[in-house]
Amino acid sequence: MDDEALLIKQAQNSDQQAFTVLVRHYYRLMRFVALPIVGESDADEIVQEAWLTVHQKLPEWEPRGSFKGWLLTITANEARSRYRRQKREFLSDAPEEEPMAHRFKANGHWQQPPSNWDLGGPEALLDKRELMDCLNHKITTLPEKQRLVFGLKDLSQMSLEEIAGFIDESAANVRVLLHRARAKLYSGIEHFQETGIC
């Protein structure tokens with residue numbers, strides 16, 4: 001985001017318009033953090049509570065670390081507090097087969113090469129919206145940790161090391177979760193391209 005430092009400074013000086021811009025920019029990312037911890041029904045409420053905390057603590061915030069990291073830490077803390085209060089069982093990724101194992105031979109070569117994705121031409125442009133809807137649907141059906149890692153890495157551009165520290169996993173586990181998420185999304189998009197069915 002352009003001029004984030006200026007927006008933060010303005011929000012620290014009680015500029016509600018600057019604060020609103022920050023909320024709009026980070027809301028989706030914060031929701032990605034809350035979702036795997038508290039589930040769909042409570043994620044938005046957690047983000048709102050996190051913003052209340054941010055609003056109270058923002059005047060004292062000093063740019064020693066990243067503002068984004070600070071927001072995500074507050075969000076995760078709010079979500080974990082809610083989780084502990086409600087004593088919910090955390091939904092973790094069960095061990096699973098490698099999502100694209102069937103696509104490769106033992107020597108690592110493709111069983112069947114991937115199809116070409118052609119987004120050119122008028123007919124393809126009409127399908128583009130359907131493809132995006134399908135992709136968004138596939139993202140929501142990913143297991144919770146995979147969706148979180150995918151969101152933080154590919155949608156929010158956090159580094160693997162930042163994600164690992166944030167979700168308290170090793171960098172190797174984060175890579176595995178990211179690979180599985182991408183592979184499932186790839187398979188879903190390929191299926192859509194070949195059949196027109198999400």
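### Quick look at the pattern of salt bridges
Step number 1: A complete count under the given rule lists six salt bridges for this structure.
Step number 2: Between Glu45 and Arg82 there is a salt bridge; the shortest N-O distance is 2.9 Å. In this pair, Glu45 is assigned in helix 3 (residues 40-57) and Arg82 in helix 4 (residues 67-86), connecting sequence segments 37 residues apart.
Step number 3: Looking at Glu45, the relative accessible area reads 38%, which means it is partly exposed.
Step number 4: Residue class for Arg82 comes out buried when judged on its relative accessible area of 6%.
Step number 5: Across the pair Glu62 and Arg64 runs a salt bridge whose closest N-O atoms are separated by 3.4 Å.

### Digging into the side chain of Arg147
Step number 1: You can see Arg147 is positioned in helix 6 (residues 144-155).
Step number 2: For Arg147, the side chain forms a polar contact with the main-chain oxygen of Thr140, separated by 2.6 Å.
Step number 3: Sequence-distant contacts of Arg147, defined by excluding residues within four places in its chain, comprise Phe32, Leu35, Ile139, Thr140, Thr141 and Leu142.

### Observations concerning the environment of Ile139
Step number 1: Along the polypeptide, Ile139 turns up in helix 5 (residues 122-140).
Step number 2: Using a relative accessible area of 10% as the deciding quantity, one classes Ile139 as buried.
Step number 3: Separated by 42 residues in sequence, Ile139 and Ala181 place their C-alpha atoms 8.2 Å apart.
Step number 4: Look past the residues within four positions of Ile139 in its chain and what remains in contact with it is Arg147, Phe150 and Leu185.

### A short note on the state of the cysteines
Step number 1: Evaluation of the coordinates by the stated rule reveals one disulfide.
Step number 2: Paired through a disulfide, Cys134 and Cys198 show a sulfur-sulfur distance of 2.2 Å. Taking the sign of the S-S torsion, about 90° here, the bridge from Cys134 to Cys198 comes out right-handed. Here Cys134 is found in helix 5, whereas its partner Cys198 is found in the segment after helix 8 (171-195), with 64 residues between them in sequence.
Step number 3: By relative accessible area, which is 40% here, Cys198 ends up partly exposed.

### Side note on the environment of Gly188
Step number 1: Here Gly188 lies in helix 8.
Step number 2: Put simply, Gly188 and Ile139 are 49 residues apart on the chain and 9.8 Å apart in space, counted from C-alpha to C-alpha.

### Let's talk about the packing of aromatic side chains
Step number 1: Across all of its chains, the model carries five aromatic pairs by this definition.
Step number 2: An angle of 85° between the planes, with centres 5.4 Å apart, marks the rings of Phe19 and Trp51 as edge-to-face. Separated by 32 residues along the polypeptide, Phe19 in helix 2 (residues 16-38) and Trp51 in helix 3 bring together distant segments of the chain. Like Trp51, Phe19 is buried.

### Regarding the environment of Ala76
Step number 1: Topologically, Ala76 is positioned in helix 4.
Step number 2: With 42 residues separating them along the chain, Ala76 and Ala34 place their C-alpha atoms 6.1 Å apart.
Step number 3: Setting aside residues no more than four positions away along its own chain, Ala76 makes contact with Val33, Ile37 and Phe166.

The rules behind each value
Residues numbered from 1 in each chain as written. Predicted model: local features only at pLDDT ≥ 70, side-chain atom pairs only at ≥ 80, totals over all residues. Heavy atoms only, no water. Salt bridge = Lys/Arg side-chain N within 4 Å of Asp/Glu carboxyl O. Helix = DSSP H or I, 4+ residues; strand = E, 2+ residues; numbered from the N terminus. Buried < 20%, exposed > 50% of the residue type's maximum accessible area, 1.4 Å probe, protein only. Polar contact = N/O pair within 3.5 Å; in protein donor to acceptor, adjacent residues only side chain to side chain. Contact = heavy atoms within 4.5 Å. Disulfide = S-S within 2.5 Å. Phe/Tyr/Trp six-rings, centres within 6.5 Å; stacked < 30°, edge-to-face > 60°.

Any link to function would need more than the numbers given here.
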